[in-house]
Amino acid sequence: MEKQKQKSAAVVGGGLVGAMNTCYLSSRGFKVDLYEARPDIRTMEIVRGRSINLALSYRGRQALKKVGLEDQVVQDGIPMYARMIHDLNGTLRPIPYGKSDQYIMSVDRRKLNETLLTAAEERPDVTLHFQHKLVSCDLEKGKLTFKIEPANGDDSLDQTYQRNGGEDVHVEVTTDLIMGNDGAYSAIRKHMVKRPRFNYSQEYIPHGYMELTVPPHNGEFAMAINYLHIWPRNEYMMIALPNQDKSFTLTLFMPFDMFEQLKTGDDVVKFFMEKFPDSVPLIGEESLKETYFRLPPLPLVSVKCFPYHVSDKAVIMGDAAHAMVPFYGQGMNCGFEDCLVFDEIMEKLDSDLSKVLPEYSMYRSPDAHAINDLAMYNYIEMRKSVNSRWFLMRKKVDAFLHAIMPRVFIPLYTMVSFTRIRYHVVINKAKKQDVLVDNSIQALMALAAVGGGYFTAVAISRHLDSIPGWLRDSVWGFLRGDFAV
Ligand code: FAD
């Protein structure tokens, strides 16, 4: 029998999703080349970029598990069993994420990315190319052009430049499959946008984010460790996740115009003293003043598009396909699940790319759109709803119903973070459950009112003779409507 030619794949982007996809594609027998614009983060002293730590949950863990990395990643993570709400008056209120054994996990972004890159590099037929920035492509033909980015200290690349007389150096490759994992501002997606019948929308929310640090105090965590701390202030909020070095990374989410109003170090301290008073001694006034002005706040974008593929040649995943606001802690988890879903479809369709790519677009897009919407919704829940009594009562009712009917009733957060129920099914199921709970609460209230009325009437009738005649007549008159206006 004739041996099948080994297929090649070019993964564009060596972030979390690109590095994971490289592992998956190698296990499916592809020859994989990964191209990343930045230098190798494993050799860098400081890596600039987005959030320092991330919340890993079930979907991400399942994807890590299938490539044999779950245990390695989880051993360095810190479980968070509940939100810890910091009220303005300093009161602390834990709100569990689920049952007592359910938790999300704080993991270090850089370490996770390094683990994935090393795992990818160790797989058969994988080559990693750093400082290769995609500048153009022909998606139909599987052709890609990369510009080699100069980097201080990399002798081989510096020599390449010198040989080229200081001109840009470009590399062209042709491949069977282009895997676009180049993040929220994806160059591959920009090429897809130019194609006919490609749907695309993006939205910047008015809020930006900025990271601050709570260092260890006397060598220990300065706040309770196994929580995701939240300071919800309705229009804005701050959160904190624990790190392995016993520090916390704080993220302040606030409208850009509020960031801009704080012009001096004293303005910043005053604002924090008023709005997040218990955090100031933990951060330290000097550190707060210094860190606030070190970097500008960063924007948050939400992207939806369809389809995710071009013929049998190119597909986008992760933030490239569905960047989302970070309030459900699902961007990476969803991106990791993309890799798992793609692999499951490859298995089902015998790695026939002409069938796999369209099937992936059709199957995955309703779920990606759904989690984008849920992430937007959760921003309101995190900064505002957690302050409301109704919300807290709902959480208790949800937990109770889940305890007595674990398969039938599953709270929204549990479905998103602790199961692999498809995101769009999660939304539909949550809507039905909301109706059920609201109706049940209303029915209970009506029952309580009727029951209360009945027992009051019985009690009155028993003591009817002891009620003065004029009062009895007035009440009956009132009930008959004699006093209606
Ligand atoms: P990225 O991580 O952005 O990686 C893309 C890679 O492509 C980068 O390395 C980039 O250098 C490279 N690249 C870009 N352009 C090119 C090019 N032209 N050529 C070659 N390479 C290129 N998610 C969670 O699940 N849990 C959380 O708790 C969470 N918290 C978050 C907090 C914040 C503040 C933010 C902003 C996001 C958070 N996310 C979280 C979302 C998560 O960060 C992203 O969903 C995840 O990083 C997406 O991974 P990716 O590989 O698709 O993209």
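Computed from a predicted structure; not experimentally measured. (Residues numbered from 1 in each chain as written. Predicted model: local features only at pLDDT ≥ 70, side-chain atom pairs only at ≥ 80, totals over all residues. Heavy atoms only, no water.)

So, the pattern of salt bridges
One pass over the structure, following the stated rule, counts 32 salt bridges. A salt bridge links arginine 93 to aspartate 87, with the shortest nitrogen-to-oxygen separation between them at 3.0 Å. Each member of the pair, arginine 93 as well as aspartate 87, carries the same accessibility label: buried. Three or more residues joined by partner-sharing salt bridges are found here, namely Arg59, Glu337, Asp338, Glu344, Arg364 and Arg420. (Salt bridge = Lys/Arg side-chain N within 4 Å of Asp/Glu carboxyl O. Buried < 20%, exposed > 50% of the residue type's maximum accessible area, 1.4 Å probe, protein only.)

Some thoughts on the environment of proline 307
By the secondary structure assignment, proline 307 is in the loop between strand E17 (298-306) and strand E18 (309-310). Considering only alpha carbons, one finds proline 307 and tyrosine 360, 53 residues apart in sequence, at a separation of 9.1 Å. With residues up to four places along the chain from it excluded, the contact list for proline 307 reads Met192, Arg197, Phe198 and Ser361. (Helix = DSSP H or I, 4+ residues; strand = E, 2+ residues; numbered from the N terminus. Contact = heavy atoms within 4.5 Å.)

Observations concerning helix H12 (residues 331-348)
One full turn of an α-helix is made of 3.6 residues, so residues set three or four places apart face in the same direction. Along its 18 residues, H12 runs 26 Å from first to last C-alpha, staying within 8% of the 26 Å computed at 1.5 Å per residue. The positive-phi residue at the C-terminal boundary of H12 is aspartate 350, with phi of around 55°. (Expected span 1.5 Å × (residues − 1).)

With respect to the pairing of strand E1 (residues 8-12)
With five of its five residues buried, E1 lies for the most part within the structure. Both faces of E1 are covered, namely the face carrying Ser8, Ala10 and Val12 and the face carrying Ala9 and Val11. Read as a crossover between parallel neighbours, the route from E1 over helix H1 (residues 16-27) to strand E2 (residues 31-35) is right-handed. Sheet topology places E1 next to strand E12 (residues 177-180); four bridges connect them, and they run parallel. By the bridge assignment, valine 12 is partnered in E12 with glycine 180. (Right-handed = clockwise from strand over helix to strand, strands pointing away. Pairing = 2+ DSSP bridges.)

Notes on the packing of aromatic side chains
For the structure shown, the criterion picks out 20 aromatic pairs. Plain terms: the ring middles of tyrosine 236 and phenylalanine 276 are 6.1 Å apart, the flat faces sit at 85° to each other, and that makes the pair edge-to-face. Here tyrosine 236, found in the loop between strand E14 (227-232) and strand E15 (237-242), pairs with phenylalanine 276, found in the loop between helix H8 (265-275) and helix H9 (280-283); they are 40 residues apart in sequence, far enough to count as distant. Centre to centre, the rings of phenylalanine 271 and phenylalanine 276 are 6.0 Å apart; their planes meet at 80°, and the pair counts as edge-to-face. Phenylalanine 271 gets classed as buried once you look at its relative accessible area, which sits at 9%. (Phe/Tyr/Trp six-rings, centres within 6.5 Å; stacked < 30°, edge-to-face > 60°.)

What about the sheet that holds strand E9 (residues 132-138)?
Ordered in space as E9-E10-E11, the three strands form an open sheet in which the pairing is antiparallel. Where the open sheet ends on each side, the last strands, each with one partner, are E9 and strand E11 (170-174). Between one strand axis and the next, the sheet turns by 25° as a mean value, whatever way the strands run. In this sheet, E11 lies alongside strand E10 (residues 143-148) in antiparallel orientation, the contact comprising five bridges. Across the sheet, threonine 145 pairs through a bridge with glutamate 172, a residue of E11. (Axes fitted to C-alpha atoms, helices over the stretch in contact; angles between N-to-C directions.)

Let's talk about the confidence of the model for the protein chain
Averaged over all residues, the pLDDT of the protein chain is 91; the fraction at 70 or higher stands at 90%. Note that residues 481-485 has pLDDT below 50 and, in this model, four contacts with residues that lie over four places away or in other chains. Scored by ipTM, the complex comes to 0.99, with pTM at 0.90. (pLDDT = per-residue confidence, 0-100.)

Comments concerning the sheet that holds strand E5 (residues 82-86)
Taken together, seven strands build an open sheet; the order of strands is E6-E5-E14-E15-E16-E13-E17 and the sheet is mixed. Each edge of the sheet is formed by a strand with only one pairing partner; in this case those strands are strand E6 (92-96) and E17. Put simply, the sheet's adjacent strands are angled 30° from each other on average, direction ignored. With eight bridges connecting them, strand E13 (residues 199-214) and E17 associate as antiparallel partners. Bridge assignment links glycine 208 to a residue of E17, and that residue is proline 299.

Describing the nonpolar core
The biggest cluster of nonpolar side chains holds 68 residues, and the ones touching the most others in it are Leu144, Phe336 and Phe342. If near-sequence neighbours (up to four positions away) are discounted, phenylalanine 342 is found in contact with Leu25, Met179, Val315, Met317, Val356, Leu357 and Tyr360. The next biggest cluster of nonpolar side chains, apart from the first, holds 38 residues, and it includes Ile230, Phe327, Val386 and Tyr423. (Core = buried A, V, L, I, M, F, W, Y, C linked by side-chain atoms within 4.5 Å.)

Here's the deal with unusual backbone geometry
Omega for the bond connecting phenylalanine 306 with proline 307 falls within 30 degrees of zero, at 0°, which places this linkage in the cis form. In this structure, lysine 246 takes a positive phi of about 75° despite not being glycine. Structurally, lysine 246 is set in the loop between E15 and strand E16 (248-255). Phi angles above zero are rare outside glycine, and serine 351 is one such case at about 55°.

Quick word on the domain arrangement of the protein chain
For the protein chain, the assigned domains are domain 1 (8-78 + 106-199 + 303-378), domain 2 (202-299) and domain 3 (388-479). Listed by partner, the interface residues are 20 residues for domain 1 and 14 residues for domain 3. With both sides pooled, the region where domain 1 packs onto domain 3 buries about 1,500 Å², and carbon together with sulfur makes up 58% of that total. In this assembly, domain 1 and domain 3 are joined by three salt bridges. A salt bridge links aspartate 367 to arginine 422; its shortest N-O distance comes to 2.7 Å. Linking domain 1 to domain 3 there are 13 residue pairs in polar contact (both at pLDDT 80 or more). Put simply, the parts of the chain that give the side of domain 1 that touches domain 3 at least two residues each are helix H2 (58-66), H12 and helix H13 (353-383). Counting residues per element, the side of domain 1 that touches domain 3 draws most heavily on H13, at eight residues. (Domains from an automatic or database assignment. Buried area = accessible area lost by both parts, 1.4 Å probe. Polar contact = N/O pair within 3.5 Å; in protein donor to acceptor, adjacent residues only side chain to side chain.)

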